[in-house]
Amino acid sequence: MAYFTSNTYQMKRKILTFSNKISKGLSKPDKKFTADMTYGILASKSCLLTDIVDQLYEDAKKVNSVERLSRHLEKGASTQAASSYLQMIKKWVPEEPVIHIDDSDVVKPDGYKFEALGIVRDGSESTSTKNVYKKGYHVTEACVLTVSDHPVSIFSRIHSSSEKDYRSANSITFDAMEQGAALFKKATFCMDRGYDDNKMFLKLDGLKQDYVIRLTSKRKLLYHNKWTSATELRDRRKGKIKTSVFYRGKDHEAWLSHVKVQITASRKDIYLVLVYGITEHPMMLATNKEIRSKEDVVRVARIYFSRWKIEEYFRCKKQMFQFENFRVRKLRAINALNFYITVCMAFLAMISMDSESNALKAAIIKTANPVKEKVFFCYYRLAKGISGILSYAKEGVRLWFRTKRPQYRQLYLKMDT
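Here goes a summary of the coordinates provided. Here the structure is a predicted model, which is why all the values come from computation and not from measurement. (Residues numbered from 1 in each chain as written. Predicted model: local features only at pLDDT ≥ 70, side-chain atom pairs only at ≥ 80, totals over all residues. Heavy atoms only, no water.)

Along the chain, the regular secondary structure elements total 13 helices and twelve strands. C-alpha atoms of the chain, sized along the principal axes, occupy 110 × 50 × 45 Å. Scored against the burial criterion, the 417 residues of the chain give a buried share of 53%. Of the contacts made within the chain by residues no fewer than 6 positions apart, 62% connect residues no fewer than 24 positions apart. Approximately 22,100 Å² of the chain is accessible, and the part contributed by carbon and sulfur atoms is 48%. On the chain, the mean spot of the 74 positive side-chain charges and the mean spot of the 45 negative ones are 2 Å from each other. (Helix = DSSP H or I, 4+ residues; strand = E, 2+ residues; numbered from the N terminus. Buried < 20%, exposed > 50% of the residue type's maximum accessible area, 1.4 Å probe, protein only. Contact = heavy atoms within 4.5 Å. Areas by Shrake-Rupley, 256 points an atom, 1.4 Å probe, with all protein chains shown as cover. Lys, Arg positive; Asp, Glu negative; His and termini not counted. Charge placed at Lys NZ, Arg CZ, Asp CG, Glu CD.)

And the structure:
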């Protein structure tokens, strides 16, 4: 049992150290709240406040503890905490970071009291031939890949078209782009076909950022002073560069080709990179990155194929932390809760970057009892292992925030002689 107690203590200390970096400069109650949320979500693998409170082992009544957490969430996520989080993430990424932007959804089909609840396309039930719509919220996420190629979020916002003074989904996406550009100065933004929009190209050109965007079949490009359908250019050519790519959990052989064109939006020279052999119809990728060799073409293709990691990021967030199962009703509180789940996902990324010889990381993986020895996306087993180690804890983290009181000398009576 001493083995597990030692691991539990080390895990608590690591979580508290991580939490204190996020809450640096905040008041003591806010620091305690940040620690409670981070520890409670990781220990319970849930974003339900009742489940979080169960892991805190407080002397107060459960209803009072839930009310305390609710009051803090209603204030929204601290701007200072969000800034500290981003500055920490900035240290984890390479010099030329890749930022993936994607939209997801949070479905609340039986919800009635949630603020500004709208109608969204349920991605888990919709197919290519049939769309299923339910009550819920849109989620716009921007994830950057770390030096170990694991995604961490730099922008995550839950929004709804039913909000008062709501502008548009594009404006939220532009906010994500601006935040990424301000944080890293220069990055490569990677997006799927849903972002094949002239406004996106113009925005990224205005921010002086690189991009890799998959085009739809409707896109027209200027080729040899003539507007030509992107599909026509695709069908004219054949892949000449053979390479291996990792796509949807498997290694594939792909054939690549590229051609210099101009986009409708800015009339600037870009490259159309064509990927054959992976899907039924060859993929068409538009990029403004300079291509001077075969290696550059392969690099652009692999940047796009790395976007499956943001899809796994969404899936892990929903499955491991029950992201769709929240009960807080105000949109500001929902976004605050989303921020603390994002912090927990970043903690998993930090653990993943630890050396393979790290004893605590080895204990986490052993506790998770994985079926496969090696995987390409380790967040699931890390979350399971951390929760398993913390299950041996018999107290929360409140005792780590004991009040330091000054020592007073004992009073004594002076006797006259």
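Turning our attention to the pattern of salt bridges. With the rule as written, the count across this model stands at 22 salt bridges. Between Arg167 and Asp175 there is a salt bridge; the shortest N-O distance is 3.5 Å. For Asp296, the salt bridge is made with Arg299, and the minimal N-O distance between the two is 2.6 Å. Residue Asp296 and its partner Arg299 are both found in helix H9 (residues 294-305); the two are separated by three residues, about one turn of the helix. One salt-bridge network, held together by shared partners, links Asp102, Asp192, Arg307 and Glu311. (Salt bridge = Lys/Arg side-chain N within 4 Å of Asp/Glu carboxyl O.)

Turning our eyes to something else, we now look at unusual backbone geometry. The phi torsion at Lys45 lies on the positive side, around 55 degrees, for a residue other than glycine. Of note, Lys45 is situated in the loop between helix H2 (28-44) and helix H3 (49-54). A relative accessible area of 25% places Lys45 in the partly exposed class. Despite not being glycine, Gln322 has its phi angle at roughly 50 degrees, a positive value. Within the element layout of this structure, Gln322 appears in the loop between helix H10 (308-320) and helix H11 (331-352).

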